[in-house]
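Here is how the chains run, residue by residue.
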Amino acid sequence: MIIFPRRAASRGMLFTVFLSLLPGCAWFGDETRRAEMISLPSMERTLSAAHDALTADGQWPEQIWWRVFGSAELNRLIETAVADNPDFKAAAARLRQSQSMVDAQAAELYPTVDANVSFSAQRFSANSTEAKLAGEHFRKLVINPFVLRYHIDFWGRDKAALEAAVGEALAAQAELADARLLLSVAVARGYFDLAAASEKLRIAKEVVAYRENLLKLEQVRLDTGLVSTAPLLYAQTLMSTAREIEAAVRAEVDLQKNLLATLAGKGPDWGQDIVAERGVLPKPLALPRDLPLRLLAHRPDVTAARLYAEAAAQDIKVAETAFYPDVNLIGFAGLHSVSLTDVLLQGSSLAYAVGPSIDFPIFEGGRLRANLSYQEAAYDAAVERYNGSLLHAVQEVADSLTRWRDIDTRLAEQRQAVDAIAETSRLAQTLNRTGLNDRSGLLEAGAAEFEQRFRLAVLEGEHFKAAVHVIKALGGGYVDGKSH
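A few points on the structure.

## What about the sheet that holds strand E1 (residues 112-123)?
Now for step 1: If you walk across this open sheet you meet the 4 strands as E1-E2-E3-E4, and the pairing is antiparallel. Across the chains shown, the open sheet's two edge strands, defined by having one partner strand only, are E1 and strand E4 (350-359). Taken pair by pair, the neighbouring strands of this sheet meet at an average axis angle of 25 degrees, ignoring direction.
Now for step 2: As paired elements, E1 and strand E2 (residues 137-152) share 11 bridges and run antiparallel to each other.

## Notes on helix H6 (residues 229-263)
Now for step 1: End to end, H6 covers 51 Å across 35 residues, agreeing with the expected 51 Å (1.5 Å per residue, within 8%).
Now for step 2: Just downstream of H6, Gly265 is the residue with a positive phi angle, here 75 degrees.

## Some thoughts on the environment of Val354
Now for step 1: Tracing the backbone through its elements, the reader meets Val354 in strand E4.
Now for step 2: Overall, the relative accessible area of 65% leaves Val354 in the exposed class.
Now for step 3: In this structure the C-alpha to C-alpha distance between Val354 and Ala333, which are 21 residues apart in sequence, comes to 8.7 Å.
Now for step 4: Beyond its immediate chain neighbours, meaning those up to four positions away, Val354 contacts Leu329, Ile330 and Gly331.

## Quick notes on the environment of Asp290
Now for step 1: Tracing the backbone shows Asp290 in the loop between helix H7 (268-271) and helix H8 (291-294).
Now for step 2: Asp290 sits 234 residues away from Ala56 along the chain, and the two C-alpha atoms are 8.6 Å apart.

## Description of the pairing of E2
A regular strand places its side chains so that they alternate between the two faces of the sheet.
Now for step 1: The sheet contact formed by E2 and strand E3 (residues 326-337) spans 10 bridges and is antiparallel. Looking at the pairing, Phe146 lines up with Ala333 of E3.

About the thresholds
- Residues numbered from 1 in each chain as written.
- Predicted model: local features only at pLDDT ≥ 70, side-chain atom pairs only at ≥ 80, totals over all residues.
- Heavy atoms only, no water.
- Pairing = 2+ DSSP bridges.
- Helix = DSSP H or I, 4+ residues; strand = E, 2+ residues; numbered from the N terminus.
- Axes fitted to C-alpha atoms, helices over the stretch in contact; angles between N-to-C directions.
- Expected span 1.5 Å × (residues − 1).
- Buried < 20%, exposed > 50% of the residue type's maximum accessible area, 1.4 Å probe, protein only.
- Contact = heavy atoms within 4.5 Å.

In structure tokens, the structure reads:
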């Protein structure tokens, strides 16, 4: 009785001949349901709410997206990081590995030709099966300048393996683009944190100066008997708080410089020369008009996950072909002789052979089924990773838009608060000049204004980072492995 594998389709007459020679072939085992890729979740309501803060102009971010902030120092930092960051270099090396595997797998589609030469001195035992040559001594020379080996890919194993290797190489290329995006985003965030910290440090120094003057004034008042010790103690408390904030912000500046130096692949001394410049927010920061339709093509992480899933599907095909007979064409032509004198002079030394070699999987102890189950599980895992990447991408878009609206609103309110406190400070100066207010009121108003400007610097730094988050969520200019 001839038993056909459950998944086998029509393989041609040769397959029928092979099966007629076999008592049976290996079985695939029970089929299980494969994981399925989900579709892009609905984003219309989320984007509709976001359009109140961000317009739609149909344009995606440029690949060199950081240049929209107009900072030469930021450009230099990101370019240095892409050139020297060790983790990014490792990702680039993994891409080269994957591309080399494609070349190696492509070679399996072509015949191989090599040569071999062997020489041996032998004596046959008088008690062996070679009774005719019992006790004889001779030397044997084999020269095969042409040895052909060619795997006949009846079932598409080599083609599927090549497609899997190509898919993994393309996925590695997308991962490299994602690594580049993550690195540039990390540098941009660190840079804007440094810019905000530098501005906060400048303001903190101003606040300390105001608090020092106010403390001196309260000390004079106490010495002249105009006030009790309570105002002096309160001024000392405010002074200590201001100096504590200054110390914390100074440490924040140093930490951000160390971070940027590490991201750039440099040491901490290199980071000390980084000078943060005030960037310019792109106006207006706009969303692509066809965002839901083309989001998948602009996210390198989602693209990489999809390509890995497609490559895993090809690996299943490779595992399935192991259940079928394997056919190789083998041939050689050369000179074989037991006499060293006639090997090159006598035509009778010529030897050649050509023919197929067929391997039939009959009993493998479950190895083939285990390998197939492994590849199927790997495919399911790859599909679920793609689904997770897709959900994460959609969430990241929604979160970045929410963060932008929040920071944009808070920043507008804080700017109004700064304008109001600045007017209060100007009023205190006027009252002081006219003698209607003492100097302590003027110093208190100045300190209060700088404290509000300190909060403004924090929000401005968050505003820049929110813009970076929006650009990153949109893929940073990536398009299916090709840049704009």
